[in-house]
Amino acid sequence: MRRLRFLLLLLMTLLITACYNQPTGKSVVRPRKYTTQQQDSINFSVNHHYTNKYNFVVKADSIVLYIQQPEEIVNKLPVDSFGVKKHKLLVVSDVMMVPQDSVDSVWIQLGTEDAQIGWIHESKLLPNVVPDDPISQFISTFSDTHILVTMVVVVIIFFLYFIRKIFHEKGPIVFFNDIDSFYPTLLCLTVAASASLYASIQMFSPDSWQEFYFHPTLNPFSVRGILRVFLLSVWAMLIIAIAVLDDIYHALSFADAILYLCGLVGVCAVSYILFSISTLYYIGYPLLALYIFWSVRLYYRRHRFVYYCGNCGAKLHRKGRCPHCGAFND
């Protein structure tokens, strides 16, 4: 009961912080006139998801900016350049379209921390920078191919090690030798569903994902559609994880709890990698349905205790003879 109240309090806090006042009464909306430069800036912001005064951080080893105007660079006139090193802050100061440029018609002017200004192709800029926001940087890190491959290898090695260790010592582990709680199973299923949602957004709504990447938020009620569902699933993972920790604390000793948590983290990591990749090839959807069916069925058949022994008080799956004291329960 105390845990339920705590979870409800967390949910109410999330809802309250996401509320906003809806203006009442009728208001006259008058169209605003923009200059050609302002309209171009708005159009660029809508299509490219950033505009003037937007901040980036260099994530590559370095990038090269040209001091001269883009027309001079395109016409192959003598130019000067300078490098900007990793982790340096950049701010967009101007955008220029150069139609005669066969490489990339979009040029971005950037200001540096050292008060230098230079130009670069947008196609060379974006792969080497990340928005100056911790959420965007987190997304960029997890989207990096090299990090993903490394994480896959490390997770598989540790997961196999813990599986072997747990089965050898007959320790507790989610699904196979689980505790009497549905929350660990629910956490694994939520992670798998969130991974499929993440991949689905990238496939079917890449523009909305790009907008979220450049202007991230943790408030699910400030976005719409599948992005809202995805953010709700992220919050659900956090709330369920708290419930999992509470149940593990009451069900296992400290040593078993650490071993169980390591196995649970490994299962969640494998689920994330498996479903985020398989969904990109449409295999993830039937696989997710099968995973949910198998997990719920396994829990209700093997790890759900609904009876107690009338003699010793041990938990029982079904009525009949108690495996602990031998008493028969009718």
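Residues numbered from 1 in each chain as written. Predicted model: local features only at pLDDT ≥ 70, side-chain atom pairs only at ≥ 80, totals over all residues. Heavy atoms only, no water.

1. Points about the confidence of the model for the protein chain
- Per-residue pLDDT for the protein chain averages 82, and the proportion of residues at 70 or more is 72%.
- A low-confidence stretch, residues 16–25 stays under pLDDT 50, and its non-local contacts, those more than four residues away or across chains, total 2 contacts. (pLDDT = per-residue confidence, 0-100. Contact = heavy atoms within 4.5 Å.)

2. A look at the packing of aromatic side chains
- Considering all chains together, one arrives at 17 aromatic pairs under this definition.
- Note on Tyr299 and Tyr300: the rings are 5.5 Å apart at their centroids and 85° apart in plane angle, and the pair reads as edge-to-face.
- Taking relative accessible area as the criterion, Tyr299 reaches 7% and is therefore assigned buried.
- Linked through ring pairs, Phe44, Tyr50, Tyr54, Phe56, Tyr213 and Phe214 together constitute an aromatic cluster. (Phe/Tyr/Trp six-rings, centres within 6.5 Å; stacked < 30°, edge-to-face > 60°. Buried < 20%, exposed > 50% of the residue type's maximum accessible area, 1.4 Å probe, protein only.)

3. So, the side chain of Asp104
- Take Asp104: it is sitting in the loop between strand E4 (89–97) and strand E5 (106–112).
- Lys124 provides the closest opposite charge to the buried, unpaired Asp104, separated from it by 8.9 Å.
- Only 2.9 Å separates the side chain of Asp104 from the backbone nitrogen of Ser123, close enough to count as a polar contact. (Helix = DSSP H or I, 4+ residues; strand = E, 2+ residues; numbered from the N terminus. Lys, Arg positive; Asp, Glu negative; His and termini not counted. Salt bridge = Lys/Arg side-chain N within 4 Å of Asp/Glu carboxyl O. Polar contact = N/O pair within 3.5 Å; in protein donor to acceptor, adjacent residues only side chain to side chain.)

4. Overview of the state of the cysteines
- Counted by the stated rule, this structure contains 0 disulfides.
- The cysteine Cys188 is free of any disulfide, with Cys268 supplying the nearest cysteine sulfur at 4.0 Å.
- According to the relative accessible area criterion, Cys188 is buried, its value standing at 0%. (Disulfide = S-S within 2.5 Å.)

5. Section: unusual backbone geometry
- Positioned with a positive phi, Lys76 is a non-glycine residue whose angle comes to about 60°.
- Considering the arrangement of structural elements, one finds Lys76 in the loop between helix H3 (70–74) and strand E3 (81–85).
- Residue classification places Lys76 among the exposed residues on the basis of a relative accessible area of 75%.
- Within the chain, Ala115 stands out as a residue other than glycine whose phi angle is a positive 65°.
- By secondary structure assignment, the location of Ala115 is in the loop between E5 and strand E6 (117–121).

6. Details of helix H5 (residues 134–143)
- The complete set of buried residues in H5 reads Ser136, Ile139 and Ser140. Here the buried residues of H5 occupy an arc of 100° about the axis, which is enough to place them on one side. Among the exposed residues of H5, those oriented more than 90 degrees off its buried face are Pro134 and Phe138.
- Check the buried side of H5 and you find it contacts strand E7 (129–131) and helix H8 (206–214).
- A distance of 2.9 Å separates the backbone nitrogen of Ile135 from a side-chain oxygen at the start of H5, and that oxygen is part of Asp133. (Arc of directions from axis to C-beta.)

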